[in-house]
Amino acid sequence: MLTLTENASTIVREITTQASGADEAGLRIALEATPEPAFAISATDGPQPGDATLEQDGATVYLDAGAATELDDKVLDASIDPQGGVEFALGLQG
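Residues numbered from 1 in each chain as written. Predicted model: local features only at pLDDT ≥ 70, side-chain atom pairs only at ≥ 80, totals over all residues. Heavy atoms only, no water.

Right, let's talk about the side chain of T44 for a bit. Relative to the assigned elements, T44 resides in strand β3 (residues 38–44). Separated by 2.9 Å, the side chain of T44 and the backbone oxygen of G46 make a polar contact. Among all residues touching T44, those that are not within four sequence positions of it are E24, A25, G26, R28 and Y62. (Helix = DSSP H or I, 4+ residues; strand = E, 2+ residues; numbered from the N terminus. Polar contact = N/O pair within 3.5 Å; in protein donor to acceptor, adjacent residues only side chain to side chain. Contact = heavy atoms within 4.5 Å.)

The structure is reproduced here in structure tokens:
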């Protein structure tokens with residue numbers, strides 16, 4: 001299953017805390033229907049039916065079925081760019 005770096009966990013916690021006060025708030029990653037794998041990332045109050053749940057270091061990420069399959073062997077990293085925007089990056093585990 002997808003894992004998060006320490007930076008990604010921190011940023012996901014910050015995003016979900018700012019976006020929602022819901023107990024099940026998290027970041028949702030969904031696979032988009034494009035020729036190459038592309039992902040939609042959004043803050044959410046909770047999972048959609050069929051979502052896999054990843055909880056790591058206080059961060060919650062929900063993955064739709066397609067994203068869970070595509071990201072199974074990946075590590076999600078995140079950083080803040082000079083303009084204050086969030087940048088996500090994927091790497092291989094191990």
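On to the nonpolar core. The biggest cluster of nonpolar side chains holds 15 residues, and the ones touching the most others in it are L2, L4, I29, V61, L63 and L71. Of all elements in the fold, only α1 (6–19), β2 (26–32), β5 (59–63) and β6 (74–80) reach the threshold of two or more residues within this core. Not counting the four nearest positions on each side in its chain, L63 is found in contact with L2, I29, G50, D51, A52, A68 and L71. (Core = buried A, V, L, I, M, F, W, Y, C linked by side-chain atoms within 4.5 Å. Buried < 20%, exposed > 50% of the residue type's maximum accessible area, 1.4 Å probe, protein only.)

A few words on the confidence of the model for the protein chain. When pLDDT drops low, the exact placement of atoms in the prediction is not to be read closely. When the pLDDT values of the protein chain are averaged, the result is 94; 100% of them are 70 or greater. Between the elements of the protein chain, mean pLDDT differs from a low of 94, seen in α1, to a high of 98, seen in strand β1 (residues 3–4). (pLDDT = per-residue confidence, 0-100.)

It is worth spelling out the sheet that holds β2 at this point. Across the sheet, which stays open at both edges, the 4 strands sit in the order β3-β2-β5-β4 with mixed pairing between neighbours. Looking along the sheet, the strands with just one partner apiece sit at the ends: β3 and β4 (52–56). Put simply, the sheet's adjacent strands are angled 25 degrees from each other on average, direction ignored. Here 3 bridges tie β2 to β5, and the two strands are oriented parallel to one another. Residue pairing in the sheet places L27 in a bridge with V61 of β5. In this fold α1 packs onto β2, β3, β4 and β5, with an angle of close to 85 degrees to the strand it touches most, β5. (Pairing = 2+ DSSP bridges. Axes fitted to C-alpha atoms, helices over the stretch in contact; angles between N-to-C directions.)

A separate point is α1. Here α1 contains 14 residues, and its C-alpha end-to-end distance of 20 Å stays within 8% of the 20 Å for a straight helix at 1.5 Å per residue. Burial in α1 covers these residues: A8, S9, I11, V12 and T16. For α1, the elements touching its buried residues are β1, β2, β4, β5, β6 and β7 (86–92). (Expected span 1.5 Å × (residues − 1).)

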